[in-house]
Amino acid sequence: MLKSRAALLKTNPGRSGFTDWQVIGLLLVLAVIVRWQTFGNPVLEYDEQFYLLVGDRMLHGALPFVDIFDRKPVGLFLIYAAIRLLGGGGVIQYQIAALFFVVATAALLYKFASRLTSQFGAISAAFAYILWLNITEGEGGQTPVFYNLLMVGAALLSAKVVTQRAFAPVLTGTAVMVLVGVAIQIKYTVVVEGMYFGIVMLGVRWRNGARWINLAGLGLIWIFVALLPTIAVGTTYAMLGHWHEFFFANFQSQFGRSPFPLAIRMLGLLALIGLLVPLLAAVRPVDVDRDTGTGRFVLGWLVASLISIVLFGSFMSTHYALPVLLPAVLAASPLFGRKRNGRVVAVIVLSAVAIAGQAALAVNQWAKGGLREATIVASAAKPVHGCIYVYDGYPALYQLTGSCLPTRYAFPGHLNTSDEGSAAALGADPVTELRRILSTRPEVIVDDFPVYRFYNPATRAILNQALKNDYRLALRLRTGSSRYRLVYRIKP
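The notes below deal with the structure included here. (Residues numbered from 1 in each chain as written. Predicted model: local features only at pLDDT ≥ 70, side-chain atom pairs only at ≥ 80, totals over all residues. Heavy atoms only, no water.)

1. Quick word on the overall build of the protein chain
Within the protein chain one finds 22 helices and four strands. The C-alpha atoms of the protein chain give 24 Å as radius of gyration, which agrees with the globular expectation for 492 residues (23 Å, within 12%). Reported as C-alpha extents along the three principal axes, the dimensions of the protein chain are approximately 90 × 50 × 45 Å. The burial tally for the protein chain puts 54% of its 492 residues in the buried class. Expressed as a percentage of contacts within the protein chain between residues at least 6 apart in sequence, the contacts between residues at least 24 apart total 74%. A total of about 21600 Å² of accessible surface is found on the protein chain, and carbon and sulfur atoms cover 67% of it. (Helix = DSSP H or I, 4+ residues; strand = E, 2+ residues; numbered from the N terminus. Rg over C-alpha atoms; globule rule 2.2 N^0.38 Å. Buried < 20%, exposed > 50% of the residue type's maximum accessible area, 1.4 Å probe, protein only. Contact = heavy atoms within 4.5 Å. Areas by Shrake-Rupley, 256 points an atom, 1.4 Å probe, with all protein chains shown as cover.)

If you want it as C-alpha cells, here you go:
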C-alpha cells in the first residue's frame, strides 16, 4: 500500500502540493491582475475592435464577406456575435470572455506540463503563457486567444495517442480533428499544426502494425472531419447564393495582396523571434523528453508552429507569435521545474516578463489612446444623420457612435494601405470604392496623422482633396508623442 502511494506521488507530483482547483484559482488571479489595466478600453487593438463591430452587426442582419468584407473565418465573428448577446456595450464583455479563455488555456497547459515536469515547473509554464500574452498583443481578444484553447486541447488528446494512453485511439484522433476543425474556422493558419497532430497519430498506428490501406482510409476520414466545419460554412453560403463572396474573401483574396518589402518582413520576423527568445532559450531537448514520448511530441509541435509562421509569411504584428507560446512554454517547463537553478531561472524570467508586460500595456494605451481618448473622438465624430467614415483610426468608432457603415470595407486598412490596393485583394478597386463612399457625402470623416508608412497613395490623394474641398477639421487629439486623431465634419 505504501509502495503504491509512493508510485502515485512520483507520477503525479502535484498531488502533494496545490490541488488542480487551487492552481486554476491562481491562474485566474494572475490573469485578472496582469490584464486589469486593459478592462474597459474599447481601442486595445485595431483587429479586435473590428471583430466586435462585425459580431454586433451580424446580430442586426449583416452577413460576413457579403455585407462586411474580411478574410477571417466566420467562426471568429460568431464568437463575437455570441459575446454581444451578453448585453452592454460589448467591450468589457469580450475582454472578460477572453480572460476566461486565457485561464482555461493556461489550465490545460498546466495539466499537459504536469506530464513533463514537477508541479512548480507546470505552474510556471501556465504562468508564462498568461504573462507572455501582454508582450505579444494578446492582452485582449486576438484570434489565438480563442483558438489556442482548442489547439492545446487537441494537442493533449494527441499526446495520449502518442503515449498510447488513449482508451480508443481512433476515436480520440477523431476528437482531435473535431477540435482542429473548429479552430480552423477561427483562423486558417492552425492547419499546419493540425496536420502535424494527424501525421503523428497515424505514425503511432503504423508502428502498432496498421496496414497502409487502413492508414490511408483513417487519414482521409480525419482530414474530412477537420475540414467539415469549413465545408459546412461554405455550403451555407452557397445555399444563400453567396458562394463567390465566401470563396473570394476566405481563399482567393489572400493571393491578391501585395507583399510588404522583404527587409520590413525580416525585421518583423526578428521582432517575433526576439519576443520568444527567453522561452526558446529555456528549451532543453534532452530534458523535455522522458520515457513517455510526450516530450518528443511537444518538440515536434514547437517546430510545426514555427513552420506555420514562416509558411504564411506574415510578420508585421507581434500577435503572430501567440500560437508558438503553447508548445514553447511546455518545452521550457522541465527547466523551470528543476529544483536548483531552474526554479531561479523561472522566477527571474517570469518576473521580467510580468514587468515588461505591464509596461507594454501602459505604452500601448499611451500611444493609441484609451477609454478617455476614444470617448472624446467618438463624441466629436457622432453623426446627427447619416454615416461617419473611418478612413484611418479606430474601427470601434462605428459602434461607439452608433453609425451606419458607408462601405462593406469597414476595416480602415482595406482601403488605406498599399498591400490592399487592388481589386485582386478586395474584389473591388479601392479608388472606385472610395469615390463611391465620398459621393454619399458622409457627415464625418475620421483620419490619423502621421500617415501610415505603407499607405495607398491613390486613395490618400483622393481623400486629401475631398477633405480640403468639402470638410472642416472638428477635432485634433494627440495620443502618444506625435500621433493625432483627426475628425472632420462636412461643411454646411
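2. Quick word on the sheet that holds strand S1 (residues 388-390)
Reading across the sheet, the four strands line up as S1-S2-S4-S3 and stay open at both edges, with mixed pairing between neighbours. If you trace the sheet from one side to the other, it starts and ends with S1 and strand S3 (471-479), each paired once. Taking the axes of each pair of neighbouring strands and ignoring which way they run, one obtains an average angle of 20 degrees across the sheet. Pairing of strand S2 (residues 444-449) with strand S4 (residues 483-490), which is carried by six bridges, proceeds in the antiparallel orientation. By the bridge assignment for S4, Phe449 is matched with Tyr484. Against the sheet, helix H22 (residues 457-470) touches S2, S3 and S4, its axis set at about 120 degrees to S2. (Pairing = 2+ DSSP bridges. Axes fitted to C-alpha atoms, helices over the stretch in contact; angles between N-to-C directions.)

3. Brief notes about helix H7 (residues 143-162)
Residues spaced three or four apart along an α-helix point in a common direction, a consequence of the helix completing one turn every 3.6 residues. Taking 1.5 Å of rise per residue, 20 residues should cover 28 Å, and H7 covers 28 Å from first to last C-alpha, within 8% of that figure. At Leu149, H7 shows its largest bend, some 25 degrees. Burial within H7 is extensive, with 17 of its 20 residues counted as buried. In the segment just after H7, Gln164 is the residue with positive phi, at about 60 degrees. (Expected span 1.5 Å × (residues − 1). Bend = angle between axes of the 7 residues up to and from the residue.)

4. Concerning the packing of helix H5 (residues 91-113) against helix H15 (residues 322-336)
Here H5 crosses H15 at 35 degrees, and the two axes come no closer than 10 Å. Handedness of the crossing formed by H5 with H15: right-handed. Every residue of H15 that contacts H5 at Thr105, Leu109, Phe112 and Ala113 is listed here: Leu326, Val329, Leu330 and Ser333. Residue composition of the contact of H5 with H15, grouped by class: six nonpolar, two polar and no charged. (Left-handed = near helix turned anticlockwise from the far one by under 90°. Nonpolar A, V, L, I, M, F, W, Y, C, P; charged D, E, K, R; others polar.)

5. So, a nonpolar patch on the surface
On the surface, a cluster of nonpolar side chains totalling about 670 Å² of accessible area is made up of Val191, Met195, Ile199, Val303, Ile307, Leu311 and Phe312. Counting residues per element, the ones that place at least two in the nonpolar patch are helix H9 (191-207) and helix H14 (294-312). Of all the elements, H14 adds the most residues to the nonpolar patch, at four residues. In this structure, Leu311 sits in helix H14. Among the residues examined, Leu311 registers a relative accessible area of 59% and is labelled exposed. (Patch = residues over 30% accessible without salt bridge, like charges linked within 9 Å, V, L, I, M, F, W, Y side chains within 5 Å. Salt bridge = Lys/Arg side-chain N within 4 Å of Asp/Glu carboxyl O.)

6. Some words on the environment of Ala238
With respect to the helices, strands and loops of the structure, Ala238 is situated in helix H10 (residues 212-239). Spatially, the C-alpha atom of Ala238 lies 42 Å from that of Asn208, the residues being 30 residues apart in sequence.

7. Observations regarding the packing of aromatic side chains
Scanning all chains against the criterion turns up 29 aromatic pairs. Judged by centre distance (5.6 Å) and plane angle (45 degrees), the rings of Trp243 and Phe246 are tilted. Of this pair, Trp243 and Phe246 are both found in helix H11 (residues 243-250), three residues apart, which corresponds to roughly one turn of the helix. Residue classification places Trp243 among the partly exposed residues on the basis of a relative accessible area of 43%. A relative accessible area of 2% places Phe246 in the buried class. Aromatic pair Trp243 and Phe247: ring centres 5.7 Å apart, planes at 25 degrees, arrangement stacked. On the criterion of helical spacing, the pair formed by Trp243 and Phe247 is a turn pair, its members being four residues apart in helix H11. Cluster of aromatic residues (ring-pair linked, three or more members): Phe50, Tyr51, Phe77, Tyr80, Tyr94, Phe101, Phe146 and Phe411. A cation over an aromatic ring shows up here: Arg476 above the ring of Tyr484, its NZ or CZ 3.9 Å from the ring centre. (Phe/Tyr/Trp six-rings, centres within 6.5 Å; stacked < 30°, edge-to-face > 60°. Lys NZ or Arg CZ within 6 Å of the ring centre and 35° of its normal.)

8. Section: the pairing of S2
Most of S2 is tucked away: five of the six residues are buried. Bridge count between S1 and S2: three bridges; the pairing is parallel. By the bridge assignment for S2, Ile388 is matched with Val444.

9. Digging into the state of the cysteines
Here the structure, examined in full by the defined rule, presents one disulfide. Residue pairing for Cys387: its cysteine sulfur links by disulfide to Cys404, the two sulfurs lying 1.8 Å apart. For the disulfide bridge between Cys387 and Cys404, the dihedral angle about the S-S bond is near -115 degrees, and by the sign convention the bridge is left-handed. Of this pair, Cys387 sits in the loop between helix H17 (371-381) and S1 while Cys404 sits in the loop between helix H18 (397-401) and helix H19 (413-416), placing them 17 residues apart in sequence. Under the relative-accessibility criterion, Cys387 is labelled buried at 16%. Accessibility expressed as a relative area gives 34% for Cys404, which makes it partly exposed. (Disulfide = S-S within 2.5 Å.)

The values reported here are purely geometric and, on their own, carry no functional implication.
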